[in-house]
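Residue-level listing of the chains:
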Amino acid sequence: ARFWESVSGPSQGKKVFCNKSEAVAGFYIISQGCKGQPKCGAKRSTHPQEAIEQLRSYCEVVVVKLGSKGSMVCAGDEVVEVGIHPVKAIDTTGAGDSYAAGFLYGYSHNWPLRQCAELASRVAALAVAQLGAVVRNKQLLSDQVIAVRG
């Protein structure tokens, strides 16, 4: 709950990466005013879109990773959904961190939101298709940037 309490301040600069259950938990905590007091008549939800709608007013960027269903990303009024890049998963260690790294690379280079999420999905796919959490092959990473940006 303390993490989500910190999210409920001004949105400037805040970027939140979470999975579906974390997003829904955050939505519920924020909707309860973090102190058990209902806020804005919000109710518990199990759908990530509703969680994003609530969290977007507290964060500059909200990323909800949906596992095998891809991800949903929101910045301001823009919401995009991106699927996964299917690979034979060998080791899922580091998939979320790899996703965040790919997304933040694009975001820090002022890419459109969809391209940030697309690169994130590709980098996460590289991570799970190998043993270990870090994609060390710089050429593979470069190839993904080129594939997304052209």
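Structure's up top.
Along each chain, the written sequence defines residue order, and numbers are assigned to residues from 1. Totals for whole chains, interfaces and linings use every residue, but because this is a predicted model, local features are given only for residues with pLDDT of at least 70 and side-chain atom pairs only at 80 or more, for both listing and counting. Each side-chain value is worked out from all heavy atoms of the structure, with water and hydrogens disregarded.

Q: Account for the sheet that holds strand β3 (residues 71–75), naming residues and giving values.
A: Two strands make a pair as long as DSSP finds a minimum of two bridges between them. By the criteria applied, helices consist of DSSP H or I runs no shorter than four residues and strands consist of E runs no shorter than two, each listed in order from the N terminus. If you walk across this open sheet you meet the 4 strands as β1-β2-β3-β4, and the pairing is mixed. Both edges of this open sheet fall to β1 (15–19) and β4 (78–82), since each of them pairs with a single strand only. Here the average twist between neighbouring strands, direction ignored, is 15°. Looking at chain direction, β3 and β4 are connected through 5 bridges and run antiparallel. Among the inter-strand pairings, S71 is bridged to a residue of β4, identified as V82. Every axis in this analysis is a line fitted to C-alpha atoms, fitted for helices over the stretch in contact. Angles between the N-to-C directions lie between 0 and 180 degrees.

Q: Kindly report on the side chain of Q144, identifying the contributing residues and their values.
A: Among the structural elements, Q144 can be located in helix α6 (residues 138–149). Burial classes: relative accessible area under 20% of the type maximum marks a residue as buried, over 50% as exposed, and values in between as partly exposed (1.4 Å probe, protein chains only). On the basis of relative accessibility, which here comes to 14%, the residue Q144 falls in the buried class. Beyond its immediate chain neighbours, meaning those up to four positions away, Q144 contacts L119, R122 and L126. Only heavy atoms enter the contact rule, under which two residues are in contact if any of them lie within 4.5 Å.

Q: I'd like to hear about the layout of surface pockets, residue by residue, with values.
A: For the largest pocket, the calculated volume is near 430 Å³. As defined here, a cavity is a set of points on a 1 Å grid over the protein atoms alone where a 1.4 Å probe fits but cannot get out. A pocket is an open set with protein on both sides within 12 Å along at least five of seven lines, and residues line them when an atom is within 4 Å of a point. Surrounding the largest pocket, 24 residues form its lining, G67, S68, I84, A95 and A124 being those nearest its centre. Mapped onto the lining of the largest pocket, the elements with two or more residues apiece are β1, α4 (95–108) and α5 (113–128). Top contributing element to the lining of the largest pocket by residue count: α5, with 4 residues. When residues are sorted by character, Ala, Val, Leu, Ile, Met, Phe, Trp, Tyr, Cys and Pro go into the nonpolar class, Asp, Glu, Lys and Arg into the charged class, and all the rest, Gly among them, into the polar class. In terms of residue class, the lining of the largest pocket is built from 12 nonpolar, 10 polar and 2 charged. Grid points are joined across faces, edges and corners, and a volume is the space filled by probe spheres set on the points. Taken as a whole, the second largest pocket holds about 200 Å³ of empty space. Lining the second largest pocket are D97, S98, A101, G102, Y105, L119, V123, A133, V134, V135, L141 and V145.

Q: Can you lay out the packing of α4 against α5 for me, pointing to particular residues and giving the numbers?
A: Relative to each other, α4 and α5 sit at 145°, their axes nearing to 7 Å. Where α4 crosses over α5, the two elements pack in a sense that is right-handed. Packed against α4, whose contacting residues are A95, S98, Y99, G102, F103, Y105, G106 and Y107, the element α5 presents L113, C116, A117, L119, A120, S121, V123, A124, A127 and V128 at the interface. Handedness of a crossing is defined here by the sense of rotation of the near helix relative to the far one, left-handed for an anticlockwise turn of less than a right angle and right-handed for a clockwise turn.

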